[in-house]
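Fold and geometry: a report
Here is what each chain is made of, one letter per residue.
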Amino acid sequence: MPLCAISPYYALRYFGIRNKIIKFFMGIAQLTSFFRCSEAMFGFLPAHVDDSLKNLIIYAASPVEVKFNSNGPLKSTWTHAKDFLVNLITWISVLGMYSSILLVYDYQPFPKAEGPALQDIKLGTGFSPQQLINNLSCVILLQVYLTTFGAGLKFIASICGFQVIPIMLNPIFESSSPSDFWGRRWNLVVHGILKRGVYKPVRTKFSRSSASLATFLASGIFHEWLLSVVFYPDSEDGTCSPICYTPGYGRTSLFFVWNAILIGFEYAVGGAAIFQLFRKHLPLTVVSLMVTSTALPVAHWFTNDYVRSDYFNDAQAGFPFIVKVE
């Protein structure tokens, strides 16, 4: 597990990797391995993964979660591959169009009202209409990015003959509660390894709320570590191309603590009649946007470093963009 935490820094320097998107996914790969080690240590591997060494190797080697039954990994077909390819092309087009629009505004429709450091946080800032629009536009961008990469990984897995779980299930527009957003729709691969590698081990000794808080804290810490990988200097003398960026460490962890509090609040009062009434009579999209709005005022605590740096600019190397020619 310690090797998972330190190896990306050496790999980035050895291979001379500068693109921040590639750095991001190199970090994600090691974090996935880290928490898969944890779930194995505590005996919470997915069903049938430890039925054979072959299953275990396939599960550990895959960047996404392969589906298994008693006969081994579930097999994909060429029909699945064709459908996934169409889905991938569709999402690449959506990502290109949406990113092209945000690119005009440097990924923030309105000027930034808050500094980049932890001490720059102002709670009132997040409730301004301008900041809420900035946050929503960026969160949608993250969802589209993860959905597109998930579609690509599903296509590759299907070519290899495996069925895998989806990464995203439209959390911003189809969630019925905060727990539904985080537990059944947003980044299901990371959710799974955190649930089995952190939540379940903690839950064996402590309450549901304590286990939930520990899981969100673990998520915050590993996202802080991920920032250190993404913005790791390109050379030994500390220089970067085109610029160096220092993340505002601590903001991401606070974002996840905020969401842990929301989950605890849902546990306490989520069954109240008023919330049941909303779910029963309001359109799902409206309910989902209400759910999203509970974390939207602080979303920039998480997205801030990616927006302020050239992170999204690095993504332009791999996707179709419409760029204004001066």
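Quick summary incoming for the structure in this document. (Residues numbered from 1 in each chain as written. Predicted model: local features only at pLDDT ≥ 70, side-chain atom pairs only at ≥ 80, totals over all residues. Heavy atoms only, no water.)

Below, the discussion takes up the environment of Ile221. The residue Ile221 is located in helix H9 (residues 208-230) in this model. What makes Ile221 exposed here is its relative accessible area of 56%. (Helix = DSSP H or I, 4+ residues; strand = E, 2+ residues; numbered from the N terminus. Buried < 20%, exposed > 50% of the residue type's maximum accessible area, 1.4 Å probe, protein only.)

Moving on: the packing of aromatic side chains. Geometrically, a pair of aromatic rings is defined through the distance of the ring centres and the angle of the planes. With the rule as written, the count across this model stands at 27 aromatic pairs. Note on Phe24 and Phe25: the rings are 5.2 Å apart at their centroids and 80° apart in plane angle, and the pair reads as edge-to-face. Relative to Phe149, the ring of Tyr145 has its centre 6.3 Å away and its plane inclined at 15°; by these criteria the two rings are stacked. On the criterion of helical spacing, the pair formed by Tyr145 and Phe149 is a turn pair, its members being four residues apart in helix H5 (residues 129-159). Of note, Arg36 hangs over the ring of Tyr59, and the distance from its end group to the ring centre comes to 4.5 Å. Over the ring of Tyr267 we find Arg208, and its NZ or CZ is 3.7 Å from the ring centre. (Phe/Tyr/Trp six-rings, centres within 6.5 Å; stacked < 30°, edge-to-face > 60°. Lys NZ or Arg CZ within 6 Å of the ring centre and 35° of its normal.)

With that settled, consider the nonpolar core. Ranked by size, the top nonpolar core spans 68 residues in total, and within it Tyr107, Tyr145, Trp182, Tyr306 and Phe312 carry the most contacts. Among the elements that line this core, the one with the most residues is H5, at nine residues. Non-local contacts of Phe312, meaning those with residues more than four positions away in its chain, are made with Tyr107, Cys138, Leu141, Leu142, Tyr145, Tyr306 and Val307. (Core = buried A, V, L, I, M, F, W, Y, C linked by side-chain atoms within 4.5 Å. Contact = heavy atoms within 4.5 Å.)

Any two side chains of opposite charge can pair, given that their charged atoms come close. Across all of its chains, the model carries seven salt bridges by this definition. Here Glu65 ties to Arg196 by a salt bridge, and the two come within 3.2 Å at their closest N and O atoms. Highlighted residues: Glu65 in the loop between helix H3 (53-61) and strand S1 (68-69) and Arg196 in helix H8 (residues 188-203), separated in sequence by 131 residues. The exposure class of Glu65 is buried, given its relative accessible area of 11%. Classification of Arg196 by relative accessible area gives buried; the value is 10%. Three or more residues are tied together by salt bridges with common partners; here these are Glu174, Asp180, Arg184 and Arg185. (Salt bridge = Lys/Arg side-chain N within 4 Å of Asp/Glu carboxyl O.)

The packing of two helices is summarised by the inter-axis angle and the distance between the axes. As a packed pair, helix H10 (residues 251-269) and helix H13 (residues 299-308) sit with axes 7 Å apart at the nearest point and diverge in direction by 150°. By the angle between their axes, H10 is roughly antiparallel relative to H13. The two elements H10 and H13 meet at a crossing, and its hand is left-handed. Between H10 and H13, the residues in contact are Arg251, Thr252, Leu254, Phe255, Phe256 and Trp258 and Ala299, His300, Trp301, Phe302 and Asn304, respectively. Here the contact of H10 with H13 is composed, by residue class, of seven nonpolar, three polar and one charged. (Axes fitted to C-alpha atoms, helices over the stretch in contact; angles between N-to-C directions. Parallel < 35°, antiparallel > 145°, perpendicular 65-115°, else oblique. Left-handed = near helix turned anticlockwise from the far one by under 90°. Nonpolar A, V, L, I, M, F, W, Y, C, P; charged D, E, K, R; others polar.)

Looking now at H8. Every α-helical turn comprises 3.6 residues, leaving residues that sit three or four positions apart pointing alike. Between the first and last C-alpha of H8 there are merely 20 Å, a value that for 16 residues lags more than 12% behind the 22 Å anticipated at 1.5 Å per step. A maximum bend of about 40° is found in H8 at Lys195. Burial in H8 covers these residues: Leu188, Val189, Val190, Gly192, Ile193, Leu194, Arg196, Gly197, Val198, Tyr199 and Pro201. For H8, the elements touching its buried residues are helix H2 (20-41), H3, helix H7 (178-184) and H9. (Expected span 1.5 Å × (residues − 1). Bend = angle between axes of the 7 residues up to and from the residue.)

A few words on unusual backbone geometry. One non-glycine residue, His48, adopts positive backbone phi at about 75°. Here His48 shows up in the loop between H2 and H3. Positioned with a positive phi, Asp106 is a non-glycine residue whose angle comes to about 60°. Mapped onto the fold, Asp106 is located in the loop between helix H4 (78-104) and H5. Relative accessible area serves as the criterion here: at 42%, Asp106 is assigned to the partly exposed category.

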